[in-house]
Structure formats: structure tokens, C-alpha cells
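Read off the chains here:
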Amino acid sequence: MLASPQLRAFNDIRIRFVSGAGRDAAAASGIDVTARLRCDQRGSFVEFVGHFSERDEAPAPFQEQFYLQRCQIFRIGPSTQLWIVNTVEDEANEAVYPRTFTAEFKSEESSDTFFDAIHSPNKGFFLSFETEVITEDDVSVAAMKLPNGSTEVAKDSSKFDKKIEASSAKMYFHYYGQLLHQQNMLQDYVRTGTYYAAVVENRADFQGRVVVDVGAGSGILSLFAAQAGAKHVYAVEASSMADYARKLIAGNHVLSQRITVIHGKVEDVELPEKADVLISEPMGTLLVNERMLESYIIARDRFLVPGGKMFPGLGRIHMAPFSDEYLFVEIANKALFWQQQSYYGVDLTPLHNAAFQGYFSQPVVDAFDPRLLVAPPAMHSLDLTSMKEEDLYDIVIPLTFTATMAARVHGIACWFDVLFNGSTIPRWLTTAPGAPTTHWYQLRLVLSQPLYVMAGQTITTRLHLSAHSAQSYTINLSMSTTSWGAGAGQGATIQSSSGKFDLKEPYYRMSQMPAYTWTQEQQLQDGAGVSLQGAQMSPYGA
Ligand SMILES: C[S@@+](CC[C@H](N)C(=O)[O-])C[C@H]1O[C@@H](n2cnc3c(N)ncnc32)[C@H](O)[C@@H]1O
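Residues numbered from 1 in each chain as written. Predicted model: local features only at pLDDT ≥ 70, side-chain atom pairs only at ≥ 80, totals over all residues. Heavy atoms only, no water.

What follows deals with the site of the ligand. The local shell around the ligand holds 22 residues, among which Arg 191, Gly 215, Glu 237, Val 266 and Glu 267 are the closest. At a separation of 3.0 Å, a nitrogen atom of the ligand approaches a polar backbone atom of Gly 215. One of the backbone nitrogen or oxygen atoms of Ala 216 is found 3.4 Å away from a nitrogen atom of the ligand. Its free accessible area being 590 Å², the ligand has 100% of it covered by the protein chains. Given that more than half its atoms are within 2 Å of the pocket grid, the ligand belongs to the largest cavity. Listing elements by their share of the shell around the ligand, those giving two or more residues are α4 (166-176), α5 (179-186), α8 (220-227) and α11 (292-303). With three residues, α4 is the largest single contributor of residues to the shell around the ligand. In terms of residue class, the shell around the ligand is built from eleven nonpolar, six polar and five charged. (Near = heavy atom within 4 Å. Polar contact = N/O pair within 3.5 Å; in protein donor to acceptor, adjacent residues only side chain to side chain. Areas by Shrake-Rupley, 256 points an atom, 1.4 Å probe, with all protein chains shown as cover. 1 Å grid on protein atoms, 1.4 Å probe; cavity = no way out; pocket = protein on both sides within 12 Å on 5 of 7 lines; lining within 4 Å. Sits in = over half its atoms within 2 Å of the grid points. Helix = DSSP H or I, 4+ residues; strand = E, 2+ residues; numbered from the N terminus. Nonpolar A, V, L, I, M, F, W, Y, C, P; charged D, E, K, R; others polar.)

To continue, consider α11. Between its terminal C-alpha atoms α11 stretches 16 Å, which fits the 16 Å expected from twelve residues at 1.5 Å a residue. Most of α11 is tucked away, with eleven of its twelve residues classed as buried. By the burial criterion, the buried members of α11 are Met 292, Leu 293, Glu 294, Ser 295, Tyr 296, Ile 297, Ile 298, Ala 299, Arg 300, Arg 302 and Phe 303. (Expected span 1.5 Å × (residues − 1). Buried < 20%, exposed > 50% of the residue type's maximum accessible area, 1.4 Å probe, protein only.)

When the UniProt feature table is mapped onto this chain numbering, "domain: Protein arginine N-methyltransferase" (unreviewed entry) sits at residues 317-478. Measuring from the first to the last C-alpha atom of residues 317-478 gives 17 Å, for a span that is 12% helix and 44% strand. (UniProt positions renumbered as here; feature names shortened; annotations may be inferred.)

Let us now look at the packing of helix α12 (residues 325-334) against helix α13 (residues 352-360). Orientation of α12 relative to α13, taken along the N-to-C sense of each, is 140°, at an axis distance of 8 Å. The angle between α12 and α13 falls in the class oblique. Of the two elements, α12 crosses α13, and the hand of that crossing is right-handed. Together, Phe 328, Ile 331, Ala 332 and Lys 334 of α12 and Phe 356, Tyr 359 and Phe 360 of α13 make up the contact between the two elements. Across the contact of α12 with α13, the residue classes break down as six nonpolar, no polar and one charged. (Axes fitted to C-alpha atoms, helices over the stretch in contact; angles between N-to-C directions. Parallel < 35°, antiparallel > 145°, perpendicular 65-115°, else oblique. Left-handed = near helix turned anticlockwise from the far one by under 90°. Contact = heavy atoms within 4.5 Å.)

When you tally the buried positions in strand β14 (residues 275-280), you get five out of six residues, the bulk of the element. As paired elements, strand β11 (residues 210-214) and β14 share four bridges and run parallel to each other. Residue pairing across strands places Val 211 opposite Val 277, the latter belonging to β14. Pairing between β14 and strand β15 (residues 304-311): four bridges, direction parallel. Note on β15: the bridge partner recorded for Val 277 is Lys 309. Between β14 and its parallel partner β15, the chain crosses via α11, and the hand of that crossover is right-handed. (Pairing = 2+ DSSP bridges. Right-handed = clockwise from strand over helix to strand, strands pointing away.)

Backbone hydrogen bonds hold the strands of a sheet together, and the pairing may be parallel or antiparallel. The strand order across the open sheet formed by four strands is β19-β23-β24-β25, and the pairing between neighbours is antiparallel. Edge positions in the sheet fall to β19 (394-402) and β25 (493-502), since each has one partner strand and no second. Averaged over all pairs of adjacent strands, the angle between strand axes in this sheet comes to 15°, irrespective of strand direction. The sheet contact formed by strand β24 (residues 472-482) and β25 spans nine bridges and is antiparallel. Bridge pairing in β25 places Thr 481 opposite Gln 495.

Counted by the stated rule, this structure contains 17 salt bridges. When the shortest N-O distance is used, the salt bridge between Lys 163 and Glu 389 registers 2.6 Å. Here the residue Lys 163 occupies a position in helix α3 (residues 159-163), and Glu 389 occupies one in the loop between β18 (378-383) and β19, the gap between them amounting to 226 residues. For Lys 163, a relative accessible area of 16% puts it in the buried group. Residue classification places Glu 389 among the buried residues on the basis of a relative accessible area of 4%. We note a salt bridge from Arg 316 to Asp 417, for which the minimum N-O separation is 2.9 Å. Of this pair, Arg 316 sits in strand β16 (residues 314-322) while Asp 417 sits in strand β20 (residues 407-420); the two residues are 101 residues apart in sequence, bridging distant segments of the chain. For the pair formed by Arg 316 and Asp 417, the shared burial category is buried. (Salt bridge = Lys/Arg side-chain N within 4 Å of Asp/Glu carboxyl O.)

With parallel pairing, the five strands of this open sheet are ordered in space as β13-β12-β11-β14-β15. A single partner strand is all that each edge strand has here, and the edge strands are β13 (259-263) and β15. For this sheet the average axis-to-axis angle between neighbouring strands, irrespective of direction, equals 25°. In this fold helix α9 (residues 241-250) packs onto β12 (232-237) and β13, with an angle of close to 165° to the strand it touches most, β13. The sheet contacts of α11 involve β11, β14 and β15, and relative to β15 the element is tilted by about 145°.

The structure is reproduced here in C-alpha cells:
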């Protein structure tokens, strides 16, 4: 470890470009580069100042800067390191491209000193490098064999940026960069306790394995995986929470040796080896909100060995028609304001209809009593181990329910569960009504035009979820009933109703938690035998 402040020269590092964009590609055609590599006073960035020197041409100036704190450094041999650097190339679009270098030190000791210095919490040191940078002839990443597999080319680089609005992503990662929101998830003991149980009860799946934690947040799942004996965990986190995760992990000494935090998106970062297991908590409201399941699937395709395990590996959305007069009246009444004909002398009624529709376009997030359901639920499964990322762009769910009672149906209620298919004990994490409440609660889509049903009558439903670039979904719901009973013939449609909802704009309804109706035995079976304390409604719900 370097004392501070101290000048340190590493004159003996050979740097090789391995992959990257722009200039690196040109450089990969065999041009020698001489460069000086140095740090700023706080040790926060590295700067190359150098010259391309082609055999017969005059040297062309070449300058490069990147931040050391954003550099992922892996030891891939006794005196060799792999540096993955995110450089901003396209400033207009804030596009970030990873570049990869290998750094060969003259000795193992020199490599260790550099590694320790870079990872020192005390950034008050000087580093200065005078070194020769040599490009590799026709180096391809695939050909660059590492001790435990090969690095993966960032094929999906910027895939996230292409489909998600920059403003949405900025707010999203700002939200997750705050400890209070990570705490909210950690304090959902149903959620975190079920993950913990799923990992430690399935040690055999983690023992000696390489694990990638997709969207690591505070790093909690990485620490669980390390507790269960993982050989190494790569904790990938896109928000600035990565810095806190590093701190938390460093403070858990016994485990920290086996965890590397990587600050970046799973779509962009490169890892030095493939994973045997992926672990993640990518679920949003209605399972799919936030569109993080897509990142989980991209991570599967980029990092997981064939046949590797995924925790979770299956997600299911459950749906059932419900009847809730209070909720319906509450929403309808919100628009009453716009029925005033003399608001400070102004007639507001021209906007009443728009306001009424606006309130009904908000999915309602709260915990409700399962006795409000008027038919047994149906479900739609997402096999996260095999489905394609594109399958999540457009999800059409046709359903048929049979009413068990006469009721006025106000819409459809939805919740989800996920399966950790551990080889020792499979576990479910459920957000069902009546089960111990999670911070996801449940979701209800309320129709402005309710339907009347009789016991035994069929309710035909179609739910269409279309992903949008603000990391959420537009939902179209249609429900209809047909004639029934003797003489009903082919069952013509006698009532229908539809609604359009934006999953990004839910109505978080503060309500009394219903008394738990599940038996203790059922709670334990579902891995949810702990109660919710302190969890709060969150705009993302994950
Ligand atoms: C729901 S939180 C879960 C955090 C943590 N794993 C836990 O269980 O407490 C999801 C995390 O994934 C991160 N994330 C979302 N999309 C990501 C992506 N494409 N690449 C890397 N991290 C991502 C978010 O910043 C957030 O911290």
C-alpha cells in the first residue's frame, strides 16, 4: 500500500489494446504506440499522452484519458492485469464504450503494488507511469484466452441506451443510487429473507461456483452468494450505488476477497470469465415494470455458461377479476373536482371527462383482501432461462375466467411470484393477496365501466402489455361477458369494457393492510414466514 502523498513510477508495464471502439480498432492493425501513463494528483484518472508511430509515417498525436475509479481491474495472472475502461466517445449521446487493455508488469510484486494502490481508499497519492504501449496485431477478444474462460465482446453494448430514453435512465439510476431506496428493499423481509433462504438452503448450487449478481444494488445478494461458498462473485451495478456496495463488501472481510464490484450496465461491462450462476432481483410492479428482466436475460446470454442456474429462473403473473365498490367510487370521485361550474367563476366541466379517464388510466397499487376476487386466478409464465429478451417487448395474455358469484366486476387484479429452482430446496417468492405483504403489494386495473356477472358466467379477458422507452409498459385491457344458461345458444357477447393504463404512473393507495388470511403452514411453504416491517411504496417497486 502506498503512503500518501508519494510519487511512484511504474516504468515496466506493457499495455496492449485488446478491444474497444474507434481509435483502438485502428490501433489494432499493428501500429506501435509510445505513451506516458500517469495519474492526477488524487489518483483519480489515468492519462495516456502518446504518439502513434507507423513505420513510414510521422508520429500522430494521441491522447487518452480515463477515470481510474471507473476502471475495472482484474488480476488474470501473477503479473498480468486486465483493465476494462469506460470512455465517453460520443458526448452528444453520452454513449459510453468499454475498452480493454492488458497490463503486463515486470514482476508480481510490481503488479501487487499497483493493484493495492488503485484500490486504496486513500486516494491522496501520486502515481506516475512512464511506459511503452504496444498494440497487438489483429488481436481479437475471442482469441484472448484467460485462465478461466474468455472475455465476452460487448455485442449488446449500448443496447440499453438504444431502447431506453436517457432522461428515464438518469432518473432510474439516480433513484437506485440512494441508500434509502436500497434500504427500503432490504427492509422488505419477505423479499430479502426469501432470497437468503433460497441461497443458503441451496449451497450446493453456489459452492465453488462463479456467480454474477445482475444489478447488485447494495451488494446484498453477492454477499449471500459468497456466504454460500461461491468461488467468485461479480457484482454488476449501473448506478452510483456501486461505490456503497464496494464499501459494504470491503467491510465484510471474510467475504470481500471473493467479490468484485463492477460499475456499469450488464449490457456493456465485460467480465474475465463466464458464470455458473446468475442471481438477481429484477422484478418490478407486475413483475415486468422497469424492464429490468430484459437486462437479466441479456446478462444470461452474455455471461452464463450453457445449463447454468438462474436465481430466479421462472416468473409468473397471476390475474383474476375482482369486485371492489369502494375503490371504484374512490377513483370516480377524484374527478368530481372538474364538475364545478363556477370555480372562481370558471366552468371546469369541459375537462371532467379527460380527468375521469386520466384517473382510471392509473393502475392501483395496494394490498387487497383476496375475498374481493370473483373467479379463480389464471396465470402467464415467463421462463427466464430460455425466453428471448424481445419476448418482453410485447406480451399478449388472453384469459378466460368463470365467475364463482354474482358481482359487479370492476377490473382485473394482478400479482406475481418467482421460483428459485435450487437443486436442494426449490423456493417461491410470492406477492399474492393474503400472503405476507411485500413492497410490491398487488396491482389492480380498474375499468371505468364495470361489468355485471352471474355465478358460472364466462369472463373473456385480454391483457396486452407493450413496453415503452420510459422503462415501463402501456397496458390495454378488455373484458367481456357472454350470455349464459339454457337457450343461450353460442353465447353472444352481452357486455364489454376496456381501458388503457400506464404502468409508469400508478396510484399508490395507502390502505389498511388486510389481516393475513393464510395459515402459518402456507406461509412457511412459500418461504414467506416473516412479516413486512417498514417497507414503503416505491415508484419503481423493485
Ligand atoms: C431492484 S434493485 C435490487 C438490488 C439488490 N440486488 C437487492 O436485491 O437488494 C435492482 C438494481 O439493479 C440495478 N440495475 C438495473 N438495471 C441494470 C443494468 N442494466 N445493469 C446493471 N445494473 C442495473 C439498479 O440500479 C438497482 O440497484
